[in-house]
Number of protein chains: 2
Amino acid sequence: MGDRTEANPPGRYERILRDAGVRITRPRRIILTILADGGDHPDALEIFRRTAAIDPSISLSTVYRTMKLLEEKGAIQRHVFEGGPSRFERADGDHHDHLIDIESGEVVEFRSDRIEKLQEEIARELGYEIVSHRLELYGRKRQPD
Amino acid sequence: MGDRTEANPPGRYERILRDAGVRITRPRRIILTILADGGDHPDALEIFRRTAAIDPSISLSTVYRTMKLLEEKGAIQRHVFEGGPSRFERADGDHHDHLIDIESGEVVEFRSDRIEKLQEEIARELGYEIVSHRLELYGRKRQPD
DNA sequence: GTCTGTGCAAAAATTTTGCACCAGT
DNA sequence: ACTGGTGCAAAATTTTTGCACAGAC
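Residues numbered from 1 in each chain as written. Chains lettered and ligands numbered in written order. Predicted model: local features only at pLDDT ≥ 70, side-chain atom pairs only at ≥ 80, totals over all residues. Heavy atoms only, no water.

1. Some words on the domain arrangement of chain A
All names here are of chain A.
Argument step 1. In terms of domains, chain A is made up of domain 1 (9-90) and domain 2 (97-139).
Argument step 2. Taken together, the contacts link 7 residues of domain 1 with 8 residues of domain 2.
Argument step 3. Both faces combined, the contact of domain 1 with domain 2 buries some 630 Å², and carbon together with sulfur accounts for 52% of it.
Argument step 4. On the domain 1 side of the contact with domain 2, His-41, Phe-81 and Glu-82 bury the most area, a combined 59% of that side's loss.
Argument step 5. The tally of links between domain 1 and domain 2 comes to 0 salt bridges.
Argument step 6. The interface formed by domain 1 and domain 2 includes 3 residue pairs in polar contact (both at pLDDT 80 or more). (Domains from an automatic or database assignment. Contact = heavy atoms within 4.5 Å. Buried area = accessible area lost by both parts, 1.4 Å probe. Salt bridge = Lys/Arg side-chain N within 4 Å of Asp/Glu carboxyl O. Polar contact = N/O pair within 3.5 Å; in protein donor to acceptor, adjacent residues only side chain to side chain.)

Set out below in structure tokens:
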């Protein structure tokens, strides 16, 4: 999967938000930095821990409010994997789905154009147009025997 | 989709549970009846409302405990659609995925062997074996133009 | 009679919100 | 300055749990 940092130059989110008429405050800038840095899928509490390490005055409410805002602006995606709380990841252009390691909680990203196509076909057959979708595989590492 | 009641004769769940060494109590029997009757995807509170209509002494805790039990025994499936609480449906033999109408909340079931196969392939390529999976399409009715 | 299941109330976990103050533009 | 954003504490929502009693086997 590797490094995708260059896909999110610092300020990418800032631009999205500014263009939407949203103020760039200190808490928001810090949260945005954390999201841009992370290649993972942290939940609100984890993001809060990371902001707290940088500026302990930032509240959990602000984290939640910012996540909701970013989601509405299309800057991040929210995932609710089985059982757990919402987890977030930035939304670059590239759509992908998730494979969750049920033993470690690790998330592997993947993408299948064939599956995407099939989904479209199915929706059309049922008389619907897809607005969004969610495909999650839950599995464990295969033992190389 | 239509009537699937015959796929769940009364007592189907009872057998599953009895075989698992679980006692068939009055609350459980009532909850099981509700699940067997419903062709829908109620959440815990809705199930509680339905049990309350039959026997108001049944508590919400018992509903939750029973749902968890049934899930563990493989008798029902839990779904967490975007935003909302867990919703449940009985697990017959037939696996299917869900298309959720984002306007009405209605759930349409579908199944695609081709998608299932592709999922297996993808997991294998990534070095995993699938334990479970979740595919949800969120969409709106297409206007017949 | 034994041991699991239940109701109740309290707690836990996650997320949202009212309000007075603060800060970005 | 104006307006939207923030921290805090309290509430809302969903789910779990401790405990004493009830009920299935």
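2. Focus: the relation of the copies chain A and chain B
Argument step 1. When chain A is fitted to chain B, the residual RMSD is 0.3 Å, and the transformation amounts to a turn of 180° plus an axial shift of 0.0 Å. The two molecules are tied by a two-fold rotation axis, judged by turn and shift. Across chain A, the smallest distance between a C-alpha and the rotation axis is recorded for Leu135(A), namely 2.2 Å.
Argument step 2. Take the interface residues of chain A: 100% of them recur as interface residues in chain B, which is what a same-surface contact looks like. (Least-squares fit on C-alpha atoms with pLDDT ≥ 70 in both.)

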